[in-house]
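The residues making up each chain are set out below.
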Amino acid sequence: MQNLTKMTFEAGSRVTLLFDFWDVHGPAGMVLSVFVVLLLTVFYELLKVWKVQLGKPFEQPTQPAFPRPFPPPLHSSDRQGSSAEFASSLSESSLAPTEQAVPTPSPMNRWRLHGIQTAMHILQVTLGYILMLCVMSYNTWIFLGVILGSVLGYFIWFPLLSQI
């Protein structure tokens, strides 16, 4: 009693994906299945961006929002000038914004944010495993659907990270 399972990719139009009810028998079903897998992969990439975006507002800034202006250098001839000129240059530099105000969330909001990030992580991991099992059907078209969906999702969603 041998149980031989295929371990090589094939390009046929017959495959069972994930469950017995998702049994593909022809080209039209294969096109629809590849499209569904492609959309799932694009959604997976969107989840990755959303998870990063959720944590962004509460991160500490790495650089000041505006460069701090330096007061003009004082030459020996300028030192004899009025002290009002010197005081105005100091007050201007002290009024310049040096860092963005980072909102500090309340403990309730932190727990809510952490709960949302945890739910998104569970969804992302689950979807990742589902896509892995789709690839493990060893169907070339499904595999290409996952790859194309990943490329398309990255192309669409990751430029949004620079706008956050």
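Residues numbered from 1 in each chain as written. Predicted model: local features only at pLDDT ≥ 70, side-chain atom pairs only at ≥ 80, totals over all residues. Heavy atoms only, no water.

Section: the environment of I142
Here's step 1: Secondary-structure assignment places I142 in helix α4 (residues 140-157).
Here's step 2: On the accessibility criterion, I142 (0% relative accessible area) is buried.
Here's step 3: Placed 106 residues apart in sequence, I142 and V36 show a C-alpha to C-alpha distance of 9.6 Å.
Here's step 4: Contact partners of I142, with chain neighbours within four places excluded, come to L17, M30, S33, V34, V37, C134 and S137. (Helix = DSSP H or I, 4+ residues; strand = E, 2+ residues; numbered from the N terminus. Buried < 20%, exposed > 50% of the residue type's maximum accessible area, 1.4 Å probe, protein only. Contact = heavy atoms within 4.5 Å.)

Here we look at the UniProt feature "transmembrane region" (unreviewed entry) in the protein chain
Here's step 1: Here the UniProt-annotated "transmembrane region" (unreviewed entry) positions come out as residues 28-47, 118-135 and 141-161.
Here's step 2: For the annotated span residues 28-47, helix accounts for 100% and strand for 0% of the residues, and the straight-line distance between the end C-alpha atoms is 29 Å.
Here's step 3: Between the C-alpha atoms that bound residues 118-135 there is a distance of 26 Å. The span itself is 100% helix and 0% strand. (UniProt positions renumbered as here; feature names shortened; annotations may be inferred.)

Notes on the side chain of T41
Here's step 1: Topologically, T41 is positioned in helix α1 (residues 27-55).
Here's step 2: Given the relative accessible area of 2%, T41 is considered buried.
Here's step 3: Among the polar contacts listed, one links the side chain of T41 to the backbone oxygen of V37, at a separation of 2.8 Å.
Here's step 4: In contact with T41, not counting residues within four places along its chain, are L131, G145, V146, G149 and S150. (Polar contact = N/O pair within 3.5 Å; in protein donor to acceptor, adjacent residues only side chain to side chain.)

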